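A structural walkthrough
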Amino acid sequence: MAMERTGTARGHRLILVIFALLLLLPSVLSLGEVYLAASIAINVLLALSLMTVMGYGGYFSLGQGVVFGIGAYTVAILGDRTGWDLLILLPVAAVGGAIAGAAMAVTCLRTTHLYLAMVTLAYSFVLGDVATNWTSLSGGGQGIIVLSTLGGAPVAGKTLYFLALVAIGVTLGVLLTVRHNRIGRAQGLTRASEVAGRCVGINTNRLMVNTFAASGVVAAIAGGLYASFIGLVDPSSFDFDRTVATLTIVVIAGVRSPFTVMVIAPVLLYLQNSSGNEALANWIPLVYACLVIVVLRVAPQGIGGIRLRLTRQLTAWSVRSPEGMQGVRHDRSPCRNRPETKLRRRARGA
Amino acid sequence: MSELVQLLVAGVTVGIIYATIAVGYATIYSATGVISFTLGAQAMVSGYLFYVVLAPWPPLPSAVASVALGAITSLALWIVVFEPIFRREGAMPTVIASFAVSVVMQETVRILASADVRAAPSPFGESILRIRGVAITAHTLGTIAMAGILLAAVGLAFRSRRALLVKAIFQDRMMAQALGVKDSMIINLIFLVSGAATAVAGVLLAPLSSLTPFTGVYIALVGFVGATLGGITGVAASALGAILLGVVQSLFAGYVSASYTNALVFGVLAVVLILKPSGLLTTHERARV
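Residues numbered from 1 in each chain as written. Chains lettered and ligands numbered in written order. Predicted model: local features only at pLDDT ≥ 70, side-chain atom pairs only at ≥ 80, totals over all residues. Heavy atoms only, no water.

**A few points about the interface of chain A and chain B**
Counting residues at the interface gives 40 residues for chain A and 43 residues for chain B. Across the chain A to chain B interface the summed buried area is about 3700 Å²; carbon plus sulfur atoms make up 74%. The tally of links from chain A across to chain B stands at zero salt bridges. Our enumeration of links across chain A and chain B arrives at three residue pairs in polar contact (both at pLDDT 80 or more). Every element with two or more residues in the side of chain A that touches chain B is listed here: α5 (113–133), α11 (240–253), α13 (278–298) and α15 (342–347) of chain A. Counting residues per element, the side of chain A that touches chain B draws most heavily on α5 of chain A, at 13 residues. Of the residues assigned to the side of chain A that touches chain B, the class counts are 29 nonpolar, five polar and six charged. (Contact = heavy atoms within 4.5 Å. Buried area = accessible area lost by both parts, 1.4 Å probe. Salt bridge = Lys/Arg side-chain N within 4 Å of Asp/Glu carboxyl O. Polar contact = N/O pair within 3.5 Å; in protein donor to acceptor, adjacent residues only side chain to side chain. Helix = DSSP H or I, 4+ residues; strand = E, 2+ residues; numbered from the N terminus. Nonpolar A, V, L, I, M, F, W, Y, C, P; charged D, E, K, R; others polar.)

Below, the structure is given as structure tokens:
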């Protein structure tokens, strides 16, 4: 146990060092690069929100765009009407996102798996249509211009980068803490089998609503930051494309591998956004879609899954020599290393 | 009165095309439990084959070639991409893979043929029949005839005794195998049929809507909404649901608002899935444990 704790502590120290370096990043980058970094950070935040609901919750939701759009429109409309500070608008957007996420979950309680994906997808189309046509509220297809202020001054790319980074840090902290506590274990069991979860007394409905609400908070903050970043919110905020792009990142990295997302997402987004190379930009969507197919075929747990498997393999080798025991990290859940039998695979719903 | 009839005709025309795609969904779902979102992209590709690549050919051989290629593509995708994922990981990752494949097809077409909107003149000609103020185009008649024949054929095939094998595979694949059902062959056949139906839909739909690489997603979703509306487990129910969707969409666009049709389509989907997930036209729910 002591071993495990030192290992984790070392991991946490490493994370803190990395975050410190990321905080220093804008001082060495040019203005354009800072904007790119802010855009990447916002998309990473959205990927983490999808991870919350899909990876840890186990619900295949295509509604990330809905909550993202609600966050963006909240900041845009409220900011336009009241002129509030971004530090007030973002929490309001977060509350809106939580409510939207919870409402989405409540309507989906009876639907399972694929139907849940479809209902959430349907919401994004309905809201997109409403945003296009309800001109008096949303500015219609032209959208609303967002002029966010923070402490009286217009928001700069650097500030948005810092805000997104803080949000990422908090989200990551919560995800890592929850992963191994009561809620995380309840999620793990419910993910494997909802019936089993209910049998041991987990209120699976409440768990689902809470997971969606939590994910909604993160996605709405990402939306709010995006609104101030881009300066114009239009119905394309609700676009299915954004959900698909986020899904691509999360699937390639692995649905339950937040650290791998932190590494993979910037690489993927950098290649996608640095449109200096026209020919490359043309091929990027095709390449990414192919990558998703390859990942699903070769390593269904994503790149993070490969990393995990390699680590296990290495520890398994090192266990054979007595001094190798030093490096062993015990899995926290005793069930995790059991081989997957045919029966268990079917119980998983496959 | 004639306006109502006109809208109904338009609705049925679009609806029957949706129905051919919905039948593709229903046949695949009833054998494997997978929803293949690639169908929309497949329809789009067939449209490009017919109206762009094979445009110099006379309509009949070009149609046969597009439909044959559509069927083969569908089967190849199942064998090469979906089947290995489905066997190891189950239905959900397969659905994600089908999204990815649909993006691959869309991007390939965009890179090869550019994102421009292409003209798609109807293969049935431009003549218009007028009956008491209701205009019926040759395309409408041709569409209803072609799609109607196709739907009837698939419907009859699924009423045969042999179609029970599909139900057997769906309910317990291992048991069906043990009893000597050649499950993989039947599933291959189903992918061929759904691919062909989708290709027909793609060719028929292009003159009514626009032909761009990005239409695939919309076709996939509308076909799925239609299938779910009727009940995706049944071939006839899903076809009827899709026709109903086409009619409702057309009436809504004509009488209420044309700009809210997306909201209508997907609002209908959400309400149906929330209130009666098994579809409007099915009587019993099937549980898979």
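**A word on the pattern of salt bridges**
Following the criterion strictly, the structure yields four salt bridges over all chains and no others. One salt bridge in this structure joins Arg-198 of chain A and Glu-194 of chain A, with 2.8 Å as the shortest N-O distance. Separated by four residues within a single helix, Arg-198 of chain A and Glu-194 of chain A lie in helix α9 (residues 194–199), roughly one turn from each other. On the accessibility criterion, Glu-194 of chain A (32% relative accessible area) is partly exposed. For Glu-89 of chain B, the salt bridge identified is with Arg-88 of chain B, shortest N-O distance 4.0 Å. By relative accessible area, Arg-88 of chain B is classed as partly exposed at 38%. (Buried < 20%, exposed > 50% of the residue type's maximum accessible area, 1.4 Å probe, protein only.)

**Considerations on the packing of aromatic side chains**
All names here are of chain A. By the definition in use, this model includes twelve aromatic pairs over all chains. Considering the side-chain rings of Tyr-59 and Phe-212, the 5.6 Å spacing of their centres and the 40 degrees angle between planes classify their relative orientation as tilted. Taken together, the residues span a long stretch of sequence, with Tyr-59 in the loop between α2 (31–56) and α3 (64–82) and Phe-212 in helix α10 (residues 204–230) at a distance of 153 residues. Each of the two residues, Tyr-59 as well as Phe-212, counts as buried. (Phe/Tyr/Trp six-rings, centres within 6.5 Å; stacked < 30°, edge-to-face > 60°.)

**A few points about the nonpolar core**
Counting residues in hydrophobic clusters, the biggest one holds 166 residues, and the most contacted among them are Phe-60, Leu-62 and Met-118 of chain A together with Tyr-25, Phe-37 and Phe-224 of chain B. Among the elements that take part in this core, α2 of chain A stands out by supplying 16 residues, more than any other. When near neighbours in sequence (up to four residues on either side) are disregarded, Leu-62 of chain A contacts Ala-117, Met-118, Thr-120, Leu-121, Phe-240, Thr-243 and Leu-247 of chain A together with Phe-99 of chain B. Membership of the second largest hydrophobic core comes to ten residues, among which are Met-44, Val-109, Ala-120 and Val-203 of chain B. (Core = buried A, V, L, I, M, F, W, Y, C linked by side-chain atoms within 4.5 Å.)

**A closer look at the pairing of strand β1 (residues 128–131) of chain B**
Residue and element names in this part refer to chain B. Pairing geometry for β1 and strand β2 (residues 134–137), over four bridges, is antiparallel. Bridge pairing in β2 places Arg-130 opposite Ala-135. The turn linking β1 back onto β2 is made up of two residues, and Arg-132 within it adopts a positive phi angle of 50 degrees. (Pairing = 2+ DSSP bridges.)

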